[in-house]
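These are the residues of each chain, in order.
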Amino acid sequence: MFFSTIILAAEDMGPNPIAPENKELLWGAGSFLVFLFVMRVFLVPKVKKGMDARYGVIREGHETAQATRSSAQGDVAAYEASLAEVRSEAAARIDKARQTLDTERQAKMAQAAERIASKRAEADKAIEAARAAARGEVAAAVGSVTARATQLVLGKSPDANVVKRAVDSTMSGGRS
Amino acid sequence: MEALATIARIAAEAGDAATPADLKNTAAAASAGYAYGLAAIGPGIGIGIIFGKAIESMARQPEAAGMVRTTMFLGVAFTEALALIGFVAFILLKFA
Amino acid sequence: MNVTTLLAFEFPPINVLLRWQDVAPTINKVVLIGIAAVLIGTGIFLAAARKDPKVAPKGARNLAEVIIEFIEKQIIMQTMGSSGLAWTPFLLSIFIFIYLCNVPGVIPFIQMPATARMGIPAFMALMVWVVYNATGIKHQGPVGYFKSVLFPPGVPKALYILVTPIELISTFIVRPFSLAVRLFANMLAGHLLLVIFALLSEALFQARDRILIPVGVLPFAVLLFLTGFEVLVAFLQAYIFTTLTAVYINMASHAEH
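The shown structure was predicted, so the numbers you read here are calculated from the model rather than taken from an experiment. (Residues numbered from 1 in each chain as written. Chains lettered and ligands numbered in written order. Predicted model: local features only at pLDDT ≥ 70, side-chain atom pairs only at ≥ 80, totals over all residues. Heavy atoms only, no water.)

**So, the overall build of chain C**
Counting its regular elements, chain C contains seven helices and zero strands. Tracing chain C from N to C terminus, the helices and strands come up as α-α-α-α-α-α-α. In summary, chain C has a C-alpha radius of gyration of 23 Å against a globular reference of 18 Å for 257 residues, an excess of more than 25%. By principal-axis analysis of the C-alpha atoms, chain C measures approximately 70 × 60 × 40 Å. Going through the 257 residues of chain C one by one, you find that 50% of them count as buried. A separation of at least 24 residues holds for 69% of the contacts in chain C among residues at least 6 apart in sequence. Total accessible area on chain C stands at roughly 12,200 Å², and carbon and sulfur atoms take up 73% of it. (Helix = DSSP H or I, 4+ residues; strand = E, 2+ residues; numbered from the N terminus. Rg over C-alpha atoms; globule rule 2.2 N^0.38 Å. Buried < 20%, exposed > 50% of the residue type's maximum accessible area, 1.4 Å probe, protein only. Contact = heavy atoms within 4.5 Å. Areas by Shrake-Rupley, 256 points an atom, 1.4 Å probe, with all protein chains shown as cover.)

**Some points on the interface of chain B and chain C**
Interfaces are often described in size by the accessible area the parts lose on coming together. Taken together, the 17 residues of chain B in the interface contact 23 residues of chain C. In total, chain B and chain C occlude about 1,800 Å² of area from one another, counting both sides; carbon and sulfur atoms represent 81% of this. Counting across the interface, chain B meets chain C through zero salt bridges. Among the secondary structure elements, those contributing two or more residues to the side of chain B that touches chain C are helix 1 (2-16) and helix 3 (65-95) of chain B. Here the element with the most residues in the side of chain B that touches chain C is helix 3 of chain B; it accounts for 15 residues. Across the side of chain B that touches chain C, the residue classes break down as 14 nonpolar, two polar and one charged. (Buried area = accessible area lost by both parts, 1.4 Å probe. Salt bridge = Lys/Arg side-chain N within 4 Å of Asp/Glu carboxyl O. Nonpolar A, V, L, I, M, F, W, Y, C, P; charged D, E, K, R; others polar.)

**Regarding the packing of helix 3 (residues 60-79) of chain C against helix 4 (residues 88-102) of chain C**
Residue and element names in this part refer to chain C. Two numbers describe how helix 3 lies on helix 4: the axes approach to 10 Å, and their chain directions differ by 105°. By the angle between their directions, the pair helix 3 and helix 4 is classed as roughly perpendicular. Residue-level inspection shows Ile67, Ile68, Phe70, Ile71, Glu72 and Ile76 of helix 3 in contact with helix 4, the latter providing Thr88, Leu91, Leu92, Phe95 and Ile96. Its residues assigned to classes, the contact of helix 3 with helix 4 shows nine nonpolar, one polar and one charged. (Axes fitted to C-alpha atoms, helices over the stretch in contact; angles between N-to-C directions. Parallel < 35°, antiparallel > 145°, perpendicular 65-115°, else oblique.)

**A short note on the packing of aromatic side chains**
The geometry of two aromatic rings is summed up by the distance between their centres and the angle between their planes. All names here are of chain C. Per the stated rule, a full pass over the model turns up 19 aromatic pairs over all chains. With 5.8 Å between their ring centres and 35° between their planes, Phe146 and Phe172 make a pair best called tilted. Note that Phe146 is positioned in helix 5 (residues 119-150) and Phe172 in helix 6 (residues 160-205), a separation of 26 residues in sequence. For Phe146, a relative accessible area of 35% gives the class partly exposed. Where Phe225 meets Phe229, the ring centres are 6.5 Å apart and the plane angle is 15°; that geometry is what we call stacked. Here Phe225 pairs with Phe229, and both are found in helix 7 (residues 217-253), just four residues apart, close to one helical turn. The exposure class of Phe225 is exposed, given its relative accessible area of 57%. (Phe/Tyr/Trp six-rings, centres within 6.5 Å; stacked < 30°, edge-to-face > 60°.)

**Comments concerning the interface of chain C and chain A**
The interface is formed by 46 residues belonging to chain C together with 33 residues belonging to chain A. Interface area lost by chain C to chain A is led by Asn15, Arg117 and Phe123 of chain C, which between them contribute 15%. There are four salt bridges connecting chain C and chain A. Glu24 of chain A is paired through a salt bridge with Arg117 of chain C; the nearest N and O atoms lie 3.4 Å apart. In this assembly, chain C and chain A are joined by nine residue pairs in polar contact (both at pLDDT 80 or more). Listed by contribution, the elements that provide at least two residues to the side of chain C that touches chain A are helix 1 (14-18), helix 2 (29-50), helix 3, helix 4 and helix 5 of chain C. No other element matches the eleven residues that helix 2 of chain C contributes to the side of chain C that touches chain A. (Polar contact = N/O pair within 3.5 Å; in protein donor to acceptor, adjacent residues only side chain to side chain.)

So, in structure tokens, the structure goes:
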């Protein structure tokens, strides 16, 4: 008994249920040490190497897939950039066309307004002239009437300047 | 009832014929039962507490479940050792 | 007439349960199971190492890789971190050997866990004891190792009178003892439970009173349940032994306590 000093075994009852038996201990130790040696030196490193190699292949595959994906993403980005460029160009053209249209329209509108304004000014001038002529006629008629009336009342012909002033002041006072 | 009577008769006969070795064996068997029964109380409660707390913390933080499980098994192993020493005492008293 | 013979139920002496006839003067059942465990473990890994590692693993290679990954992810990474990955072959061998010694306890017609005898657990615990102490001495030097074990830093000086004997006993005596006893007692207890329920159901099935025969279904159901439970225990004990080994080695190789 290996540990027989710890637990006293009964002789005729066979092995003690607790104490380790020498042969079990030594055979177990020997077989485990052989197992440990074989695993440590040959088997585990080999299996691990295979696992690492396969994982390496898988990781490589992942990386290639990643690279492909990123390049595809770059392509998509370039396409989108060119699309945006074209789009902005089209927008610029449309803006330009709209601007030229706007300026032309404004120019035409300004021309028309000018024409209208000149015509209105002409008409205004004609009206003013006609009014001035009418006033002159009225003033002359009133002056002659006034001079005649004054001659009839006073018996003597009044000064033409005095008559004209009086008529002017009357007409402008009446208007105001 | 008959069986009980038989048992009583057998026990009486055994008591009459008891040698010191028989008495020792009887005492050893009885105390073996007590040894294991008493040794199982504390670790039973302890293992219950460990598992309860572990489940609580796993439910609270499921992302830490692996760590909690390992630590839980360690705690269970240490607590259980006491009950197992009781079991060994039982074997020693009963059979050795 | 004996009390137990009322049921024709005789519990055999424990040594009948734990021993076979010796095959040779130095070889018995437990020895054979131990050797078979080594041969099976070696065979699985030999078959695994022979297969082409490039293709998707199946069969023996798949089994071997699953075990290796279990050891690395569930035991080493959880207890030692990635610095402990060099211990994979050692812990892997311990795990496989103990598991293959445990599992015959539930294999029909063998039904004897080799670890239910003290020999193999005692050797394994002793070896682990030697390994973690040697690791500690190698990593911290003999003086540094014993200093960090016996005088853990961060303890008030007055408490060393209490702490040092406790650490001495727990590190150098209780650890290997509890490792061995935990494995051994778990497997022996499971083995005895299976024996008790198997004998009880046999006795009830063969009872002279016909009324007792259907009652035998109850212990037989318990027997089936316990067999399933023992499958779990066989795995769990190997796992706990390996995890504790990893923890002890990790504690010894790092100075902080």
